Amino acid sequence: MSQTLAADDPAAPGTRERVFSGIQPSGASHLGNYLGAQANYVALQDRYDAIYAIVDLHALTTVHDGETLRRLSHEMVLDLLAVGLDPQRCSLIRQSDVPEHAELAWIFNTCVPVAWAERNPTYKEARDEGKENSVGLLDYPVLQAADIVLYKASRVPVGKDQAAHLEFSREVVRAFNRRYAPVFPEPQPVYTEAPVVLGIDGVRKMSKSAGNTIPIFAEPDEIRRLVMSMVTDPLRIKRTDPGRPEVCNVCQLHRFFGADYLQIQDGERTARTGCVETKQLLAERIIEFFRPMRERRAELAADGAVVEETLAAGADAVRPIVDATMAEVRDAVGIGPRRVA
Ligand code: AMP
Ligand code: TRP
């Protein structure tokens, strides 16, 4: 079961359920991140007790240079502040600042059959393509489950590409609860209206690792260049050919950047407009949409201390929650000193 929440949806009244999400610092934030997840991070911070993590331990599966990872983590905090996360209204943490993420993942490892872990599509893909394939990659979804339930979060704003990972998290929770005690709630995803956003190739999911992204904070000229290079309807060869907006990534993205997207799509379908002008319009709209955030990001980036201050405050804020959960877990599984009642 999942839920779609629009930004203007009324709050869950009275209760402050907990929301958690994580984002990998493996590259610059892109349109898929924003439309699929970050827009909801911002929308949910007022209505829930929200915790967002830069999941640098996950990024170790793909980023193998220490300086680079540290820089990307820093940049991701700036991105999240710039899109509208307010440290007064949510906690922003760096996963590695809370070592219990890894501790809980280990405990979960002992509850998860190898066969479950081997169903992980990212792992299977890497294996089938003969790419580097670490134990960490196989175990990635177990760490993701630990991230979420360390805070007993019940709702997880993520893009629709994460549906399988969330399903897996629920299975992990059930396995733990069954073996020991009903410690954890089963987390549910919260989706935006956006589908899985495709990359500039129009075929694969937009993703940092595929190198097919439109970074939301790129310079305007770079955004123009990338949008102009987007693949549209491959069957629309001549300007006079009618287009198929339902298969055209450019037409699909227009949905999120203006109320007139149906007219735009109609223009393509009837060949009233050409791909070039539709792309130009999209590029300008993306640039305008993110302009205030880009300006805010530049201001934040000029402040040498804001990132580490934000992360230190986040780590302090979540500490009591982490201690409480881990005391329960350690008691249940029988590790560490027995707590004095
Ligand atoms: P990642 O960059 O893989 O750490 O993803 C961070 C968040 O962005 C997750 O919630 C993803 O589900 C979401 N996301 C990443 N790529 C896409 C995409 N192409 N379309 C929709 N959501 C995405
Ligand atoms: N796997 C997620 C992604 O690639 C990132 C992630 C790690 C995450 N831990 C999480 C997302 C916990 C939500 C909750 O997008």
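In case you missed it, the structure is sitting above this.
Residues numbered from 1 in each chain as written. Chains lettered and ligands numbered in written order. Predicted model: local features only at pLDDT ≥ 70, side-chain atom pairs only at ≥ 80, totals over all residues. Heavy atoms only, no water.

**Section: the pattern of salt bridges**
For the coordinates displayed, the defined rule picks out 31 salt bridges. Here Lys131 and Glu129 are joined by a salt bridge, their closest N and O atoms 3.1 Å apart. Across the pair Arg224 and Asp221 runs a salt bridge whose closest N-O atoms are separated by 2.7 Å. With Arg224 and Asp221 both in helix α9 (residues 220–228), this residue pair falls 3 residues apart, about one helical turn. Among the charged side chains, a network of salt bridges with common partners joins Glu167, Arg170, Arg174 and Glu186. (Salt bridge = Lys/Arg side-chain N within 4 Å of Asp/Glu carboxyl O. Helix = DSSP H or I, 4+ residues; strand = E, 2+ residues; numbered from the N terminus.)

**Regarding the site of ligand 2**
What surrounds ligand 2 is a group of 14 residues, the closest being Gly22, Tyr140, Gln144, Asp147 and Gln162. For ligand 2, a nitrogen atom lies 2.8 Å from a polar atom in the side chain of Gln144. One of the side-chain N or O atoms of Asp147 is found 2.7 Å from a nitrogen atom in ligand 2. The fraction of the free accessible surface of ligand 2 (370 Å²) that becomes covered by protein chains is 89%. Of all elements in the fold, only β2 (18–23) and α7 (135–149) reach the threshold of two or more residues within the shell around ligand 2. (Near = heavy atom within 4 Å. Polar contact = N/O pair within 3.5 Å; in protein donor to acceptor, adjacent residues only side chain to side chain. Areas by Shrake-Rupley, 256 points an atom, 1.4 Å probe, with all protein chains shown as cover.)

**Points about the environment of Phe20**
Residue placement: Phe20 occurs in strand β2. Along the backbone, Phe20 and Val149 are 129 residues apart, and their C-alpha atoms lie at a distance of 8.6 Å.

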